[in-house]
Amino acid sequence: MLIRVCRRSDRRSLRQLGHPPDVVALLSPGPITPWAWADQRTRVLSFVAEEPSQGRLAGTVQLVRSRLDPGTWMFGHWRVVTDRRGEGLGSALLRGAVRSTAAVKRLYSLIEQDNDASIEAHEWLGFERSDRLFSGGGLGFLSTIGPPAPALSLRRASRDDLPEIFEIYLKSMGPLWGRLFPGLSAARLSRAVGEPPDPALREPTPATLPERLMLVEDGGACPAFLARGGRSTALFADPSRCDAGLLARVASRLLALGAARDEWLTLRGLPAPPGRAAGASRAWILMGATDLGCLKNRSLRREEQ
Ligand SMILES: CC(C)(COP(=O)(O)OP(=O)(O)OC[C@H]1O[C@@H](n2cnc3c(N)ncnc32)[C@H](O)[C@@H]1OP(=O)(O)O)[C@@H](O)C(=O)NCCC(=O)NCCS
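Per chain, the residues get numbers from 1 upward, laid out in the order the sequence is written. Predicted model: local features are reported for residues with pLDDT of at least 70 only, side-chain atom pairs are reported and counted for 80 or more only, and whole-chain, interface and lining totals are derived from all residues. Here the side-chain values reflect all heavy atoms present in the structure, with hydrogen atoms and water set aside.

Draft legend 1. Structural view of a positive patch on the surface. The grouping of Arg41, Arg67, Arg188 and Arg191 at the surface amounts to a positive patch. Mapped onto the fold, Arg188 is located in the loop between α7 (162–180) and α8 (189–192). Like-charged residues within 9 Å of one another, or nonpolar side chains (Val, Leu, Ile, Met, Phe, Trp, Tyr) within 5 Å, are grouped into patches, provided each residue has over 30% relative accessible area and no salt bridge. Throughout, the Shrake-Rupley method with a 1.4 Å probe supplies accessible areas, and for residues the shown protein chains are the sole cover considered. For salt bridges, the criterion is a side-chain nitrogen of Lys or Arg within 4 Å of an Asp or Glu carboxyl oxygen. Positive charges are assigned to Lys and Arg, negative charges to Asp and Glu, while His and the chain termini are left out of the count. Working definition for charges: the position is that of NZ of Lys, CZ of Arg, CG of Asp or CD of Glu. The helix and strand labels rest on DSSP assignments: H or I over at least four residues marks a helix, E over at least two residues marks a strand, and numbering proceeds from the N terminus.

Okay, structure coming up:
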């Protein structure tokens, strides 16, 4: 089994592996995309596992460097051809990709919560599972999942609010995230709120609200804040105070301010998925490795014997 960097000539094989066209374009981009990535200081490395004897690709994985910390990388598009799953190939491919990328010190990924095989493969490799869920939903849907009253208010944040907002941010993202980004501080919050990208959104949808950071005020308390990063809006909530009622009231408030019903709200810090309606109940789990020794020291398995 040969582990190597993905090439333009791999596109057909990537489709045969089951990747949809937009993912094929990310794994094996045309000439423009790498310029755009470089412009955004995004470093992306895609690897494939090739079976030279069969002339086909047996797996893929993509590593993306964080813009917050050059030692922390996210990985995705991790896939092994159906007839080779469960043989240790996925683990070997991920290990090989990490070995080839010296800058990787910490690694994480977001996994759809019902993808048991992937969660088990992560655990087998020594990844730690966070108890926070990442999700999202249209404002129209979210406004119906709980009582819309009592109304809460949104206040545009000032510089003085940064320590309070950063505290909510850390609670919302959870302790594993804090260890994946050990140097994170309130001063870098505006950049931090854009990471990781919302896994439900292949293309960010435009948001209508102009503010960047807004505090959610509920009586005398502040259980959450809203961030408009790039072209989408995200809600960061203290999980101990985040329930369907809070989500419904935030969504109702945004609608009352003129946001569109189909506008997407990214949700961070959820203790449970926001609802069961089609398209709105998907949720992702964060899994991370803060010490890659666990990955590198795993005993070699069947395909390497
Ligand atoms: C996730 C994926 C890449 C793992 O690749 P793989 O080659 O099958 O994984 P490995 O053989 O290296 O498995 C390592 C460990 O993961 C666990 N595992 C793998 N597949 C499993 C399954 N179907 N059910 C339960 N556990 C599983 C096992 O603990 C296994 O170790 P073991 O065989 O010694 O018990 C592969 O299952 C896949 O392509 N899935 C579809 C795409 C996908 O969901 N990608 C991940 C998105 S986050």
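Still more to cover.
Draft legend 2. Inspection of the site of the ligand at higher detail. Surrounding the ligand, one finds 18 residues, the nearest of these being Trp78, Gly88, Gly90, Ser91 and Asn115. Between an oxygen atom of the ligand and a side-chain N or O atom of Ser91, the distance comes to 2.3 Å. By the criterion applied in these results, polar contacts are pairs of N or O atoms within 3.5 Å in which, for protein atoms, one can donate a hydrogen and the other can accept it, and in which residues neighboring in sequence qualify only through two side-chain atoms. Between the ligand and Ala121, the relevant distance is 3.3 Å, taken from an oxygen atom to a main-chain nitrogen or oxygen of the residue. In isolation the ligand has 910 Å² of accessible area, and contact with the protein removes 73% of it. Secondary-structure elements contributing two or more residues to the shell around the ligand are β4 (72–80), α4 (89–99) and α5 (116–124). Note on definitions. A residue lies near a molecule or strand when any single heavy atom of the residue is within 4 Å of it.

Draft legend 3. Spatial organisation of the layout of surface pockets. Site definitions follow a grid-based scheme: protein atoms alone, a 1 Å grid, a 1.4 Å probe that fits but cannot get out for cavities, and for pockets an open set with protein on both sides within 12 Å along at least five of seven lines, plus lining residues having an atom within 4 Å of a point. Grid points are joined across faces, edges and corners, and a volume is the space filled by probe spheres set on the points. Taken as a whole, the second largest pocket holds about 200 Å³ of empty space. Taken together, Arg156, Ala157, Ser158, Arg159, Leu162, Ala186, Ala187, Leu189, Ser190, Arg212 and Leu213 make up the full set of residues lining the second largest pocket. For this scheme, ten residues count as nonpolar: Ala, Val, Leu, Ile, Met, Phe, Trp, Tyr, Cys and Pro. Four count as charged, namely Asp, Glu, Lys and Arg, and the remainder, Gly too, count as polar. When its residues are assigned to classes, the lining of the second largest pocket shows 6 nonpolar, 2 polar and 3 charged.

Draft legend 4. Representation of helix α9 (residues 244–256) within the structure. The end-to-end C-alpha separation of α9 is 18 Å, in line with the 18 Å expected for 13 residues at 1.5 Å each. Only protein chains enter the accessibility calculation, which uses a 1.4 Å probe; a residue is then buried when its area is under 20% of its type maximum, exposed when over 50%, and partly exposed in between. Counting buried positions along α9 gives 10 out of 13 residues, so the element sits mostly inside the fold. Looking only at α9, the buried set comprises Gly245, Leu246, Leu247, Ala248, Arg249, Val250, Ala251, Ser252, Leu254 and Leu255. Once α9 ends, the next one or two residues include Gly258, with phi positive near 110°. To estimate the expected span of a helix, count its residues, drop one, and scale the result by 1.5 Å.

Draft legend 5. Summary view of the pairing of strand β6 (residues 128–138). By the criterion of burial, β6 is predominantly enclosed, with 8 of the 11 residues buried. Here the rule is simple: two strands pair whenever DSSP picks up at least two bridges between them. When β6 meets strand β12 (residues 284–289), the two strands line up antiparallel, connected through 4 bridges. Residue pairing for β12: Phe134 is matched across the bridge by Trp284. Note that β6 and strand β11 (residues 264–270) share 6 bridges and pair antiparallel. Directly across from Ser135, in β11, lies its bridge partner Leu267.

Draft legend 6. Spatial organisation of the pattern of salt bridges. Under the criterion given, the structure shown has 16 salt bridges. Here Arg106 and Asp69 are joined by a salt bridge, their closest N and O atoms 3.1 Å apart. Of the two residues, Arg106 sits in strand β5 (residues 106–112) while Asp69 sits in the loop between β3 (56–65) and β4, which places them 37 residues apart along the sequence. The buried category is assigned to Arg106, whose relative accessible area is 15%.

Draft legend 7. Highlighting the nonpolar core. Residues Leu94 and Leu107 are the most contacted members of the largest nonpolar core, which totals 50 residues. No other element matches the 6 residues that α9 contributes to this core. Boundaries between domains were set according to an automatic or database domain assignment. Counting the residues that make up this core, at least three belong to each of domain 1 (2–104) and domain 2 (132–286). We call two residues in contact when some of their heavy atoms are within 4.5 Å. Ignoring sequence-local partners within four residues, the contact set of Leu107 consists of Leu63, Trp73, Phe75, Leu94, Val98, Phe127, Leu180, Met287, Gly288, Ala289, Leu292 and Leu295. To qualify as a nonpolar core, a set must consist of buried Ala, Val, Leu, Ile, Met, Phe, Trp, Tyr and Cys residues joined through side-chain atoms within 4.5 Å. Listed in part, the 27 residues of the second largest apolar core include Phe134, Ala192, Cys222 and Ala234.

Draft legend 8. Looking closely at unusual backbone geometry. Residues Ala149 and Pro150 are joined by a peptide bond in cis, for which omega reads 0°. Structurally, Pro150 is set in the loop between α6 (139–142) and β7 (153–156). Located in the positive-phi region is Arg41, a residue other than glycine, with phi close to 55°. If you trace the backbone, Arg41 turns up in the loop between α3 (32–39) and β2 (44–51). Positive phi, normally seen in glycine, also occurs at His77, with a value near 50°. Checked against the element boundaries, His77 lands in strand β4.

Draft legend 9. Summary view of the packing of aromatic side chains. Any Phe, Tyr or Trp ring, taking Trp's six-membered ring, that has another such ring centre within 6.5 Å forms a pair; planes under 30 degrees apart are called stacked, those over 60 apart edge-to-face, and the others tilted. As enumerated under the stated definition, the model contains 8 aromatic pairs in all. Ring plane angle 55° and centroid distance 5.7 Å describe the contact between Phe75 and Phe127, whose orientation is recorded as tilted. Separated by 52 residues along the polypeptide, Phe75 in strand β4 and Phe127 in the loop between α5 and β6 bring together distant segments of the chain. Take Phe75 and Phe127: they sit in the same class, and that class is buried. Relative to Phe181, the ring of Tyr108 lies with its centre 6.2 Å away and its plane at 65°, an arrangement referred to as edge-to-face. You can see Tyr108 sitting in strand β5 and its partner Phe181 sitting in the loop between α7 and α8, a full 73 residues away along the chain. Both residues of the pair, Tyr108 and Phe181, belong to the buried class. In textbook terms, an aromatic cluster arises when at least three aromatic residues are bridged by ring pairs, as seen for Phe166, Tyr169, Phe225 and Phe236.

Structural measurements only, silent on function.
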